[in-house]
Amino acid sequence: MTDEAPQRPDPRHPTAVKPIPAVDRQALLRLARRSIQKYLEQGTYPEIPTGSGAMLAPRAAFVTLRHGETGTLRGCVGQVRTRGPLADAVMRMAVAAATEDPRFPPVEPDEVPHLRIEISALTPMELITPDDVQVGRHGLLLRWHGQSGLLLPQVPVDNGWSRDEFLSGVCRKAGVPDGTWLDADAELLGFEAESWAETD
């Protein structure tokens, strides 16, 4: 998301973003793991590897960490605004997911080999109406009077939610009353995400 006002998309013509090649997906997963390891051990980030345009193109990203055996969440942090190359976003969000998610204690170095890493590369945020929200395609960001909450596209799928349940879920994530997405002061933004994990 840039500093420009979000535009209302035509659901028949979603924002075009070039798919990330498989080789770059794997390189980004390796970069995420290497970033966590190096930061926990040395307090520094690795160099961004050279790669195709997909890795270096400006794009926001979320990184999710799960326990490898149980699949339970261990951390998830991401960007809403695009601030630089996708590779840089992945590197920094991986470290943030391991060290800054307030829901969990920081990851210990001996935990890293047992983590499963998932990356979600986001398309730009765009205004969306509730009727245009498609479960499985869209992620949502809700803003209302200084409160905000974001859910990735896979969240309603994983939970078996309907569209209304998805909209209610993003209200809960924002810490606002259910149905706030109907308020005239609410800003509902939609986006799509290309997601992959180490076990893919």
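The following refers to the structure shown. (Residues numbered from 1 in each chain as written. Predicted model: local features only at pLDDT ≥ 70, side-chain atom pairs only at ≥ 80, totals over all residues. Heavy atoms only, no water.)

Ordered by their spatial adjacency, four strands build an open sheet running β2-β1-β3-β8, and the pairing between neighbours is antiparallel. Either end of the sheet is taken by a strand with one partner, and the two such strands are β2 (73–78) and β8 (193–197). With direction set aside, neighbouring strand axes in the sheet form an average angle of 15 degrees. Bridge count for strand β1 (residues 61–67) against strand β3 (residues 115–122) is seven bridges, and the pairing is antiparallel. Note that in β3 the partner of Phe62 across the bridge is Ser120. Packing against the sheet, helix α1 (residues 22–42) makes contact with β1, β3 and β8, and its axis sits at approximately 125 degrees to β3. (Pairing = 2+ DSSP bridges. Helix = DSSP H or I, 4+ residues; strand = E, 2+ residues; numbered from the N terminus. Axes fitted to C-alpha atoms, helices over the stretch in contact; angles between N-to-C directions. Contact = heavy atoms within 4.5 Å.)

Let us now look at the layout of surface pockets. Over the atoms, a rolling probe the size of a water molecule traces out where space has been left empty. Space inside the largest pocket adds up to approximately 580 Å³. Around the largest pocket, the lining comprises 23 residues; the ones closest to its centre are Phe62, Cys76, Arg103, Leu150 and Lys173. Among the secondary structure elements, those contributing two or more residues to the lining of the largest pocket are β1, β2, β6 (147–151) and α4 (154–159). Here the residues of the lining of the largest pocket sort into eleven nonpolar, six polar and six charged. (1 Å grid on protein atoms, 1.4 Å probe; cavity = no way out; pocket = protein on both sides within 12 Å on 5 of 7 lines; lining within 4 Å. Points joined across faces, edges and corners; volume = space filled by probe spheres on them. Nonpolar A, V, L, I, M, F, W, Y, C, P; charged D, E, K, R; others polar.)

In terms of nonpolar packing, the biggest core is built from 30 residues, with Leu28, Val63, Leu65 and Val90 touching the most fellow members. The element best represented in this core is helix α3 (residues 86–99), accounting for ten residues. Core analysis: the next-biggest nonpolar cluster, separate from the first, contains 14 residues, Ile128, Trp181, Ala186 and Leu188 among them. (Core = buried A, V, L, I, M, F, W, Y, C linked by side-chain atoms within 4.5 Å. Buried < 20%, exposed > 50% of the residue type's maximum accessible area, 1.4 Å probe, protein only.)

Interaxial distance between α1 and α3 falls to 8 Å at its minimum, and their mutual angle equals 50 degrees. One element, α1, and the other, α3, form an angle in the oblique class. Like other packed secondary-structure pairs, α1 and α3 cross with a definite hand, here right-handed. For the pair α1 and α3, contact is made by Leu28, Leu31, Ala32, Ser35, Ile36, Tyr39 and Leu40 and by Leu86, Ala87, Val90, Met91, Ala94, Val95, Ala98 and Thr99, respectively. In terms of residue class, the contact of α1 with α3 is made up of 13 nonpolar, two polar and no charged. (Parallel < 35°, antiparallel > 145°, perpendicular 65-115°, else oblique. Left-handed = near helix turned anticlockwise from the far one by under 90°.)

Evaluated as defined, the whole model comprises one aromatic pair. Ring plane angle 50 degrees and centroid distance 5.3 Å describe the contact between Tyr39 and Tyr45, whose orientation is recorded as tilted. Just above the ring of Tyr45 sits the side chain of Arg92; from NZ or CZ to the centre is 4.6 Å. (Phe/Tyr/Trp six-rings, centres within 6.5 Å; stacked < 30°, edge-to-face > 60°. Lys NZ or Arg CZ within 6 Å of the ring centre and 35° of its normal.)

Time to look at the sheet that holds strand β7 (residues 187–191). Taken together, four strands build an open sheet; the order of strands is β4-β7-β5-β6 and the sheet is antiparallel. Taken across any chain shown, the strands that pair with only one partner, and hence form the sheet edges, are β4 (126–127) and β6. Strand direction decides the pairing type here: strand β5 (residues 139–144) and β6, joined by five bridges, are antiparallel. Each bridged residue has a counterpart across the sheet, and for Trp144 the counterpart in β6 is Gln147. This element, helix α5 (residues 163–174), spans β5, β6 and β7 of the sheet and lies at about 130 degrees to β6.

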